[in-house]
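For reference, the chains in residue letters:
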Amino acid sequence: MEKPGKFSGDLLQLKDVNLVVANICSKLKDDVFHTLRCQGGVVGISGGIDSSVTLALAAKSIGAQNLLGVIMPERDSNPESRILAQKLADKFGVKTVVEDISLALDGFQCYSRRDEAVKRIIPGYNPGTDKMKIGIRADSIEKDLPPVFYLTVIFSGGTRESKRLPVNEYLQIVAASNLKQRSRMSMLYYHAESLHYAVLGTPNKHEVEQGFFVKYGDGGADAMPIAGLYKTQVYQLARFLGVPDEIIGRTPTTDTYSAEQSQEEFFYQLPFEEMDLLWYGWENGYSSEAVAKELGYTEDLVVKNYKNFERKRKTTEYLRMAPIRDY
Amino acid sequence: MKEQIRGFVYKTTFSAPEKINDDTLLFDEGIFDSMGLLNLISFLENDFSIKIADSELDATNFGSINAIASFLAMKLQTKEICAGLPAI
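The numbers attached to residues start from 1 for each chain and follow its sequence in the written order. For naming, the first written chain is A and the first written ligand is 1, with later ones following in the order written. Two thresholds apply to this predicted model, a pLDDT of at least 70 for residue-level local features and 80 or more for giving and counting side-chain atom pairs, whereas whole-chain, interface and lining totals are computed over all residues. With hydrogens and water stripped out, all remaining heavy atoms of the structure feed into the side-chain values.

Caption draft 1: Quick peek at helix 2 (residues 34-47) of chain B. Residue and element names in this part refer to chain B. The way it works is that DSSP assigns letters per residue, a run of H or I at least four long becomes a helix, a run of E at least two long becomes a strand, and they are numbered from the N terminus. Expected span, for any helix, means 1.5 Å times one less than how many residues it has. Look at helix 2: 20 Å from first C-alpha to last across 14 residues, which is about the 20 Å you get at 1.5 Å a residue. Only protein chains enter the calculation, and the probe is 1.4 Å; a residue is then buried if its accessible area is under 20% of its type maximum, exposed if over 50%, and partly exposed in between. For helix 2, the set of buried residues is G36, L37, L38, L40, I41, S42, F43, L44 and E45. Nitrogen and oxygen atoms within 3.5 Å of one another constitute a polar contact, given that in protein one can donate a hydrogen and the other can accept it, and given that sequence-neighbouring residues count only through two side-chain atoms. The N-capping residue of helix 2, defined by a side-chain oxygen 3.0 Å from the backbone nitrogen of M35, is D33. Positive phi appears at S49, one or two residues downstream of helix 2, with a value of about 50 degrees.

The structure is reproduced here in structure tokens:
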């Protein structure tokens, strides 16, 4: 594999953002209007950086008049998300519709199925007053094993209890929570089909390649304009495109559980700036020694991260696969 | 004990016994993923009545069938010693 030179911390900075934006916009326009033969696009907007950049790119590419922003809060959403999503759409002149999916999720028993599993582990949990989240420990990368998840309940009085999740409860909580992303995908396709628009998905490169998305949930879309961009580059585009500063300055969260939770805590285990560089180093065949030197890591830690990336890519391959049809 | 561990690994990974030996690196070689680890923890805790601490979850204890067997033997021995101690 050809390497683009010495490994350095600014390798991922786009040299010509204007050109990158122009290329994405040109391809997206062609994909929506010709490949997909649609008359516009819908984007689920959450007030997060990825959906904001996707909407901004789409507005530039296919025109704000051919775009619909769908805001889909539910009972556990941070109220700030909806306000920021609206602010973003206003900035780019995109029409919006707000669809509260809480009742749909009640119908699926999303909350009750999740809370039932939580109570089996932490019986004192009261979903009406307490908050919960699941995540991995920051030191799990050191263990040289796949991470295990911990359930944390933050009681109304401010105390917290955290326990390692056994397999059955972990699966039930994740399966119930994934109903949120899948309900959003259904709502996006409702609006897309009713307007003869395409669904524009919002996952970035890490989410796609490390499998940090829900199959047929946020992974269900017709086109994913930022799927080739590292998170560092998504931020670079956000600044270039004029995404509101409040969105750029926000910590990326999952906005899935009732307790606040960063994406780093839930899945990535690293600040995105470091993860971007590690992933780039791994993907482009840089030695662990060169990457360790640049990032100030031990070589052993870089090797463990490389192994972790390899494991994640392998074990999440099924998420990126289309249904197997060659029988 | 090792036979039970082997049986668990073959059964949960749908692998042929000839493909996994006692030193095969279960996680490095992609035989087990995070679900495999969770299932393994449940199997050891339930079938051998032990409690595995968070600090014990590392490749030294779980990396291969041999590693798991050594770890389990140590845990069972500790349990036996503790059971023989007077309550305080």
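This is not the end of the story, as more comes after the structure.
Caption draft 2: Geometry of the side chain of T316(A). Tracing the backbone shows T316(A) in the loop between helix 13 (299-315) and helix 14 (317-320). The contact criterion used throughout is that any non-hydrogen atoms of two residues lie within 4.5 Å. Dropping the residues within four chain positions of it, T316(A) is found in contact with E209(A), Q210(A) and G211(A).

Caption draft 3: Structural context of the nonpolar core. Only buried Ala, Val, Leu, Ile, Met, Phe, Trp, Tyr and Cys residues count toward a nonpolar core, and they belong to the same one when joined by side-chain atoms within 4.5 Å. Core analysis: the largest hydrophobic core is formed by 44 residues, its most contacted members being M132(A), I134(A), L151(A), I173(A), L44(B) and F62(B). With six residues, the single largest contributor to this core is helix 2 of chain B. Residue ranges assigned to each domain were obtained from an automatic or database domain assignment. Shared between two domains, this core takes at least three residues from each, and those domains are domain 1 (13-109 + 167-252) and domain 2 (110-166) of chain A. Excluding residues that lie within four positions of it along the chain, F62(B) makes contacts with L145(A), L26(B), F27(B), L37(B), L40(B), L44(B), I52(B), E56(B), L57(B), A67(B), I68(B) and F71(B). Residues I49(A), A56(A), A59(A) and Y235(A) belong to the second largest nonpolar core, which totals 40 residues.

Caption draft 4: A look at the pairing of strand 2 (residues 67-71) of chain A. All names here are of chain A. Buried residues dominate strand 2, accounting for five of its five residues. Crossover handedness is defined by viewing with both strands directed away from the observer: a clockwise path from the first strand over the helix to the second marks the crossover as right-handed. Once the chain exits strand 1 (residues 41-44) it traverses helix 2 (residues 49-62) before rejoining the sheet at strand 2, and the crossover so formed is right-handed. Here strand 2 pairs with strand 3 (residues 95-98) via four bridges, running parallel. Across the sheet, the residue bridging to V70 is V97, located in strand 3. In terms of handedness, the path from strand 2 via helix 3 (residues 79-92) over to strand 3 forms a crossover that is right-handed. When DSSP locates at least two bridges between a pair of strands, those strands are taken to pair.

Caption draft 5: Representation of the interface of chain B and chain A in the model. Facing 21 residues of chain B, the contacting portion of chain A comprises 17 residues. In this assembly, chain B packs against chain A so that about 1,600 Å² is buried in total across both faces, 63% of it on carbon and sulfur atoms. By the criterion of area lost to chain A, the three top residues of chain B are L38(B), D54(B) and L57(B), representing 31% of everything that side buries. A pairing counts as a salt bridge when a side-chain nitrogen of Lys or Arg comes within 4 Å of a carboxyl oxygen of Asp or Glu. Joining chain B to chain A, the criterion identifies four salt bridges. Here D54(B) ties to R164(A) by a salt bridge, and the two come within 2.8 Å at their closest N and O atoms. Applying the counting rule to chain B against chain A returns six residue pairs in polar contact (both at pLDDT 80 or more). Ranked by residue count, the leading element in the side of chain B that touches chain A is helix 2 of chain B, at eight residues. Here the buried area means the combined drop in accessible surface, using a 1.4 Å probe, for two parts upon being joined, counting both sides.

Caption draft 6: Broad picture of the packing of aromatic side chains. Between the rings of Phe, Tyr and Trp (Trp by its six-membered ring), a pair exists once the centres lie within 6.5 Å; its type follows the angle of the planes, with under 30 degrees stacked, over 60 edge-to-face, and the other angles tilted. What the rule picks out here adds up to 13 aromatic pairs over all chains. Among the aromatic residues, ring-to-ring pairing joins F8(B), F27(B), F32(B), F43(B) and F48(B) into one connected group. One residue, R137(A), lies across the ring of Y150(A), its end atom 3.7 Å from the ring centre. Cation placement over rings: the criterion is NZ of Lys or CZ of Arg within 6 Å of the ring centroid and within 35° of the ring normal.

Caption draft 7: Focus on the sheet that holds strand 4 (residues 131-135) of chain A. Residue and element names in this part refer to chain A. Here we have three strands laid out as an open sheet, ordered 4-5-6, and antiparallel in their pairing. Unpaired on one side and paired on the other, strand 4 and strand 6 (160-164) mark the two borders of the sheet. Along the sheet, successive strands turn relative to each other by an average axial angle of 15 degrees, direction set aside. Here strand 4 runs beside strand 5 (residues 150-154); their pairing, made up of five bridges, is antiparallel. Bridge pairing links M132 to V153 in strand 5. With axes taken as lines fitted to C-alpha atoms, and helix axes fitted only over the stretch in contact, angles between N-to-C directions fall between 0 and 180 degrees. Sheet contacts for helix 5 (residues 110-121): strand 4, strand 5 and strand 6; angle to strand 5, the most-contacted strand, approximately 95 degrees.

Caption draft 8: Structural context of the pattern of salt bridges. Here the structure, examined in full by the defined rule, presents 27 salt bridges over all chains. Notably, a salt bridge pairs R114(A) with D115(A), separated by 3.1 Å at the nearest N-O pair. Relative accessible area serves as the criterion here: at 9%, D115(A) is assigned to the buried category. In this structure, E56(B) engages K75(B) in a salt bridge whose closest nitrogen and oxygen atoms are separated by 3.0 Å. Taken as a pair, E56(B) in the loop between helix 2 and helix 3 (59-62) and K75(B) in helix 4 (residues 65-84) lie far apart in primary sequence, 19 residues in all. We classify K75(B) as buried; its relative accessible area is 14%. When salt bridges with common partners are traced through the structure, they connect E74(A), D76(A), R114(A), D115(A) and K180(A) into a single cluster.

Caption draft 9: Looking closely at the state of the cysteines. Disulfides are defined in this document as cysteine sulfur pairs within 2.5 Å. The final tally for this structure, using the stated rule, is zero disulfides over all chains. The cysteine C38(A) is free of any disulfide, with C25(A) supplying the nearest cysteine sulfur at 18 Å.

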